[in-house]
Amino acid sequence: MLLKMLRSLLRGYPKSWPALMLIMDSGERVAQLLDYLQSSLFEVEQMLCHLGDYEQLLNNVRDTMEKLEYKYNQMIIEDRNLKSLLQVVNTLVNKLDLDPAVPRILRNYELEGHMNIESCTNAAHQLQKACNVELPPGLSLLQAVADQKKYFKSLISTFSQRLMTFLIERFKEQSDSLLEKVGVVHSSDPIVIAHIGIHNDILAYRELMLWEKMEWLEESDHDNRFGSIQNGYCKAMKRTYEEEILHYIAELKTKLQWKKPEGKKHHHTGHKLLSGANSVMDMSRNLTSSLMVTSSGSHGSLSRGTLGSSLSDIHSPSPVAQHNDGKVLFSKLFSKMIQDIEPVCIAEQNFCCQFFHLPNVDEQPQPTTVSPEAIEEDQLPADVVDEVDGNSKQILRIVDTSSFMSTQLKLVLSQLFEALLPEIEGFINFGVSVDNYNALYLQLFVMQYAFEMKEKVKHSYLDQVLVNSLVNINRLCEEFINGQLKMIEEMKVPRKGKCGILECVHNFEVFANRAEAIASQVNRRLELDVNYKHLIKAVFEAIERVAVSHYKSPPHVIKFENYHHLLDLLSKLKIHSLDDSKDECKKKYRQHLNEYVIVSLGRPMEKLSLFFEGVEGLMASGTKADQVGYQLDYSKNELRKCIKEYPTKEVKKGLEKLYRKVEKDICEEEGMLQVVWVNIQNAFIHQYQRFTKLIGRCYPDSNITFEFSLKDIEEFFSTSQHSH
């Protein structure tokens, strides 16, 4: 040990070598030093023992502190878990625990009265909120939570069933009350009233219906009681609307029947026109849109009334209201029908949007496309209006109504107003059976109505119905026009007597007057102009055909009389689409009038005509005018001989004979005799003046003149006309 200490001292203190050497030299000092060192070692050992004890104590303290730290951390975790658990428990208690009044309200409260409805609505919302509360993951697996949610669903199902049963019964009661009033209220004008009062009463349950709808949407396995309520409403109110619309249309038909002429038959397939409101009601129940109308021409003209006229005008004793056996009534009745039914449709549409919480329009409506094959086969979609040339099948315009109303709303309204389209088409067919010209009015009016729908802010279900009825209207109009064309083609002309104005020309005059009266009521004439062109072409062909085949009247007379009649008609009506036809009429009228004058007049004073034709031939070949008289065949003596053969008496007699012939050819109906006679007079005078002028040029100073003067000729023509 001592050596180790010495070595350590030697290593640590190399500079103390001299001192150590001195110490070593001194023995006592060395011994003393060893004692000191021995005692130091002992003390060091004592110190090391104490340090070992202290280290053991510190290790114990460290172990204890580690255990305390672990327990502390466990306490913190436990505290945190307890707080989280308390929060979850509070959530479950606060959100899944219902007010005891809620089940009592939902099970026992009556669903009538403002206070009860409001209480049930609030309770239902509380129940819905509790049932739809968002829980942390895993809590829904707790038995208590599952039991509570099962309890909530049971409450929802019970109340939903009670609400459904109540509302369906309420719908039936209101429908029955409305049905009792159908036909009870008597009015001079047919009326159909919107169900505003009933709607306001049912709208008190609007929030409950929203609750019902949300429950159905959120729970895929939930019974569709919302759909059942909707179907219950549609089923109950469908009966009401069917009876109301049927009765309303029947009254409109009765208005038309009252004005129908007695004894005049209107044929149609499968049905006979009945008299009285009851018979019309029975017929309305059975009348379908397949009512076929046999086209027949009717005389008269429509009044230029306003579309929105009240039916009070119908009962007024004015000549307009009584004209043509009441045919003017249909336009007023049809306009009134639209004005009466559209508010009903809009009111029902607004109610369905509010009560059933339906969108009014689809967010992204898909446009309807139409193929040429569909146009060709008349298989157009229900929400498309077509404007097609019947002969060329050319699509003129397409109106897509799919964006006017949402699919859901359209489905509900189609169930409610299922009877609307058949009844409107039945009224349309009935109106056309009363007067075929109503088909023209309907085509123009409904087509214009359809294209004005684009500008409407609010669309109604009636818009869709009228669009769908266009297929039937176009068919009826096409049948009517085809009937007119067939009448023209099969027209029979009397073989005895003069031909006069053809029946097809008279019919076209009636058609044009009636059609223009209709067009004045509607700001549209495109389809009418197309029909005009087909008819006028057929009339032209009929005139040419009859002129060739008639036995009595000369062809030129038939042509210029009928073309003159058409020209007069087109000039009065000023139909711009027929301007080309009017010009053609004018051209053919003048052409055939001149040809008739030439044929009738022939060669007046034939020998003189031949003589002066020879004179003109000589002059054309180069002979001078003053040298013509020196030709043997055209000398002055030859001229005097020809003139002597036509004394005043013979000329007058020939003109009287010609007048009788013209009078025999011309019909009195058109009054063209004077016009033709004046044209013959002008042609004769022109010939006389030509002869006189040639005498003056070729035989000057010969004093050769006719026995009669120009004044005498005018007197001859006037005398012949007045004597007959």
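Residues numbered from 1 in each chain as written. Predicted model: local features only at pLDDT ≥ 70, side-chain atom pairs only at ≥ 80, totals over all residues. Heavy atoms only, no water.

Taken together, the side chains of Lys 649, Lys 653, Lys 657 and Arg 660 define a basic patch exposed on the protein surface. Examined against the element boundaries, Lys 649 turns out to sit in helix α24 (residues 648–665). (Patch = residues over 30% accessible without salt bridge, like charges linked within 9 Å, V, L, I, M, F, W, Y side chains within 5 Å. Areas by Shrake-Rupley, 256 points an atom, 1.4 Å probe, with all protein chains shown as cover. Salt bridge = Lys/Arg side-chain N within 4 Å of Asp/Glu carboxyl O. Lys, Arg positive; Asp, Glu negative; His and termini not counted. Charge placed at Lys NZ, Arg CZ, Asp CG, Glu CD. Helix = DSSP H or I, 4+ residues; strand = E, 2+ residues; numbered from the N terminus.)

Another aspect to go through is the side chain of Arg 225. Assignment of secondary structure puts Arg 225 in helix α9 (residues 225–258). At a separation of 3.2 Å, a polar atom in the side chain of Arg 225 contacts the side chain of Ser 157. (Polar contact = N/O pair within 3.5 Å; in protein donor to acceptor, adjacent residues only side chain to side chain.)

So, about helix α20 (residues 555–573). Over its 19 residues, α20 extends 27 Å from the first C-alpha to the last, a length consistent with the 27 Å expected when each residue adds 1.5 Å. Looking at the residues trailing α20, positive phi occurs at Lys 574, about 55°. (Expected span 1.5 Å × (residues − 1).)

By convention here, two paired aromatic rings are described through the distance between centres and the angle between planes. Within this structure, the stated rule accounts for 38 aromatic pairs. For the ring pair Phe 330 and Phe 427, a centre distance of 5.3 Å and an interplane angle of 25° mean the geometry is stacked. Linking Phe 330 in helix α12 (residues 329–355) with Phe 427 in helix α15 (residues 420–434), this pair joins segments that are 97 residues apart in sequence. Taking the relative accessible area as the measure of exposure, Phe 330 reaches 0% and is therefore buried. Ring geometry for Phe 540 versus Tyr 563: centroids 5.6 Å apart, planes at 65°, classification edge-to-face. Of the two residues, Phe 540 sits in helix α19 (residues 526–549) while Tyr 563 sits in helix α20, which places them 23 residues apart along the sequence. (Phe/Tyr/Trp six-rings, centres within 6.5 Å; stacked < 30°, edge-to-face > 60°. Buried < 20%, exposed > 50% of the residue type's maximum accessible area, 1.4 Å probe, protein only.)

Let us look at the packing of α12 against helix α17 (residues 461–489). Where α12 contacts α17, the axes come no closer than 8 Å and their chain directions differ by 130°. With respect to α17, the element α12 is oriented oblique. Side by side, α12 and α17 meet where Phe 334, Ile 338, Ile 341, Glu 342, Cys 345 and Gln 349 of the first sit next to Tyr 461, Leu 462, Asp 463 and Leu 466 of the second. Residue composition of the contact of α12 with α17, by class: 7 nonpolar, 1 polar and 2 charged. (Axes fitted to C-alpha atoms, helices over the stretch in contact; angles between N-to-C directions. Parallel < 35°, antiparallel > 145°, perpendicular 65-115°, else oblique. Contact = heavy atoms within 4.5 Å. Nonpolar A, V, L, I, M, F, W, Y, C, P; charged D, E, K, R; others polar.)

Positionally, Ala 123 belongs in helix α5 (residues 114–131). Among the residues examined, Ala 123 registers a relative accessible area of 2% and is labelled buried. Linking Ala 123 and Leu 106, residues 17 residues apart in sequence, is a C-alpha distance of 6.8 Å. Sequence-distant contacts of Ala 123, defined by excluding residues within four places in its chain, comprise Val 102, Ile 105 and Leu 106.

The predicted model of the protein chain has a mean per-residue pLDDT of 78, with 79% of residues at 70 or higher. For the protein chain, the element scoring lowest by mean pLDDT is helix α11 (residues 319–322), at 32; α15 scores highest, at 93. Overall, residues 260–328 carries pLDDT values under 50, and its contacts beyond four positions in sequence, including any with other chains, amount to 139 contacts. Predicted confidence for residues 364–398 stays below pLDDT 50, and this span has 70 contacts to residues more than four positions away or in other chains. (pLDDT = per-residue confidence, 0-100.)

Right, let's talk about the environment of Gly 113 for a bit. Mapped onto the secondary structure, Gly 113 falls in the loop between α4 (101–108) and α5. Overall, Gly 113 belongs to the partly exposed group, its relative accessible area being 43%. Placed 91 residues apart in sequence, Gly 113 and Ala 204 show a C-alpha to C-alpha distance of 9.2 Å.

So, about the nonpolar core. The tendency in soluble globular proteins is for nonpolar side chains to be buried side by side. Phe 334 and Phe 508 are the most contacted members of the largest nonpolar core, which totals 184 residues. If we skip the residues at most four places from it in the chain, Phe 508 touches Tyr 532, Leu 535, Ile 536, Val 539, Leu 566, Leu 569, Leu 570 and Leu 578. (Core = buried A, V, L, I, M, F, W, Y, C linked by side-chain atoms within 4.5 Å.)

Here we take up a negative patch on the surface. A grouping of Glu 110, Glu 112, Glu 169 and Glu 173 is seen on the molecular surface, where their side chains present a negatively charged patch. The topology assignment puts Glu 112 in the loop between α4 and α5. Judged by relative accessible area, Glu 112 falls into the partly exposed class, the value being 44%.

Across all of its chains, the model carries 20 salt bridges by this definition. Its salt-bridge partner being Asp 176, residue Arg 239 comes within 3.0 Å of it at the nearest N-O pair. Remark: Asp 176 occurs in helix α6 (residues 143–181) and Arg 239 occurs in helix α9; sequence separation between them is 63 residues. For the salt bridge of Lys 641 with Glu 638, the shortest nitrogen-to-oxygen distance reads 4.0 Å. Of this pair, Lys 641 and Glu 638 both sit in helix α23 (residues 636–644), 3 residues apart, roughly one helical turn. Via salt bridges that share partners, Glu 544, Lys 559, Glu 584 and Lys 588 belong to a single interconnected network.

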